[in-house]
Amino acid sequence: MTSVQIVEVGPRDGFQNIGPFIPTETKIAMIRGLAAAGVRRMEITSFVSPRAIPQLADAAEVLANVLAQGAVLPQVLVPNARYGHKAIEAGARFLSYVISVSESHSRSNVRVGPNEALADYARLVAEAPAGIRMRLNLATAFHCPFEGMTPATAVLDLLGRALEVRPDAEVCLCDTTGRGTPDQVAALFDSVMTAFPEVSTWAMHAHDTYGHGRVNVRAAYERGVRIFDSAIGGLGGCPYAPGASGNVATEDIVRLFQNCGVETGMDLAALLPLGAAAAALPGANCSHIPANTETNTAQNACK
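Residues numbered from 1 in each chain as written. Predicted model: local features only at pLDDT ≥ 70, side-chain atom pairs only at ≥ 80, totals over all residues. Heavy atoms only, no water.

Caption draft 1: Structural detail: the overall build of the protein. A count of helical and extended segments in the protein gives 11 helices and 10 strands. The C-alpha radius of gyration of the protein comes to 18 Å, within 12% of the 19 Å expected for a compact globule of 303 residues. Buried positions account for 57% of the 303 residues belonging to the protein. Contacts in the protein between residues far apart in sequence, at least 24 positions, make up 75% of those at least 6 positions apart. Roughly 11,400 Å² of accessible area belongs to the protein as shown, and the carbon and sulfur atoms make up 53% of that amount. Across the protein, the mean location of the 23 positive side-chain charges is 2 Å away from that of the 28 negative side-chain charges. (Helix = DSSP H or I, 4+ residues; strand = E, 2+ residues; numbered from the N terminus. Rg over C-alpha atoms; globule rule 2.2 N^0.38 Å. Buried < 20%, exposed > 50% of the residue type's maximum accessible area, 1.4 Å probe, protein only. Contact = heavy atoms within 4.5 Å. Areas by Shrake-Rupley, 256 points an atom, 1.4 Å probe, with all protein chains shown as cover. Lys, Arg positive; Asp, Glu negative; His and termini not counted. Charge placed at Lys NZ, Arg CZ, Asp CG, Glu CD.)

Caption draft 2: Structural context of the packing of helix H9 (residues 213-222) against helix H10 (residues 250-259). One can describe the packing of H9 onto H10 by two numbers: an axis separation of 10 Å at closest approach and a directional angle of 45°. Of the possible angle classes, the one that applies to H9 and H10 is oblique. Our pair here, H9 against H10, has a crossing hand that is right-handed. Where H9 abuts H10, its residues Arg214, Val217 and Tyr221 lie against Asp252, Ile253, Leu256 and Phe257. When its residues are assigned to classes, the contact of H9 with H10 shows 5 nonpolar, no polar and 2 charged. (Axes fitted to C-alpha atoms, helices over the stretch in contact; angles between N-to-C directions. Parallel < 35°, antiparallel > 145°, perpendicular 65-115°, else oblique. Left-handed = near helix turned anticlockwise from the far one by under 90°. Nonpolar A, V, L, I, M, F, W, Y, C, P; charged D, E, K, R; others polar.)

Caption draft 3: How the structure looks around unusual backbone geometry. Of note, Arg111 is a non-glycine position whose phi angle comes to about 70°, a positive value. For Arg111, the location among the structural elements is in the loop between helix H5 (103-110) and helix H6 (114-127). Taking relative accessible area as the criterion, Arg111 reaches 57% and is therefore assigned exposed. The backbone of Thr140 shows a phi angle near 50°, a positive value even though the residue is not glycine. Mapped onto the elements, Thr140 comes out in the loop between strand S5 (133-139) and strand S6 (143-144).

Caption draft 4: Local environment of the pairing of strand S2 (residues 41-46). Taken across its 6 residues, S2 has 6 buried, putting it largely inside the fold. Note: S2 against strand S3 (residues 73-78), 5 bridges, orientation parallel. Considered in S3, the bridge of Arg41 is made with Leu73. Between the parallel elements S2 and S3, the chain passes through helix H3 (residues 59-69) in a crossover that is right-handed. (Pairing = 2+ DSSP bridges. Right-handed = clockwise from strand over helix to strand, strands pointing away.)

Caption draft 5: Structural view of the layout of surface pockets. The calculated volume of the largest pocket comes to roughly 550 Å³. Along its surface, the largest pocket is lined by 31 residues, and Leu77, Pro79, Val98, Asn109 and Val110 are the ones closest to its centre. Counting only elements with at least two residues in the lining of the largest pocket, the list comes to helix H1 (10-14), S2, S3, helix H4 (81-89), H5 and S5. With 3 residues, the single largest contributor to the lining of the largest pocket is H5. (1 Å grid on protein atoms, 1.4 Å probe; cavity = no way out; pocket = protein on both sides within 12 Å on 5 of 7 lines; lining within 4 Å. Points joined across faces, edges and corners; volume = space filled by probe spheres on them.)

Dropping the structure here:
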């Protein structure tokens, strides 16, 4: 049976946009519940300025607890080399580094342009100890909240230079605003896979702002992508992308792949109450069709 790997990003991408601070023990309990439901890889937090994102000020404590549990493969998002080193010092061994393709979003998100962000990524790669795994997230690969649709040529140019820095990095194309469409997703993955056949691992990060999340996941799957980000309960949104709302819900894409006969390794029945609990968190921002309702829409269908 064909299988996919779902990367649960709720504890990072989902929680970061919530205003009221979520107690650290609540975050850890959610991570444990997700692990019990079959999640084996998770973006658990981000090492970032607590002034910029106060919700993730407990990153080191969350990471230490997850490492002690040993139940999931934890990855942590880092915005620059400085915080990449902080993550490594705290015990992280799988970093997810984000570079925005769009100049405007890059300056809004990390206060530097894509070229400076790429140079900082190169410094981190050069200075990181052996054995550190790396994922490269290309934010605004499909659309920028300030500049509109992202030209494929810009993605190809930035990715080509980034692969010179770390050829074995996992590459994730991110639909940061949720405005991507299935034909755009398919065309962009065709372009990057053709241009960079040496990349062994591709991933897709979808948001469901306009209800495109699952159809975009399916489009990427049909192009050969086998790693997908999602957030329990459809939590999420980018604090530096105006209008972006929830990630595609973990429960929804598990249902999607089950309907397609594709193995995820996750227990949908166990995920549903976790999704409800996530959506009920004070200040939670969710945008998805509830996963506990049966639908026969094209979003849930398989070719």
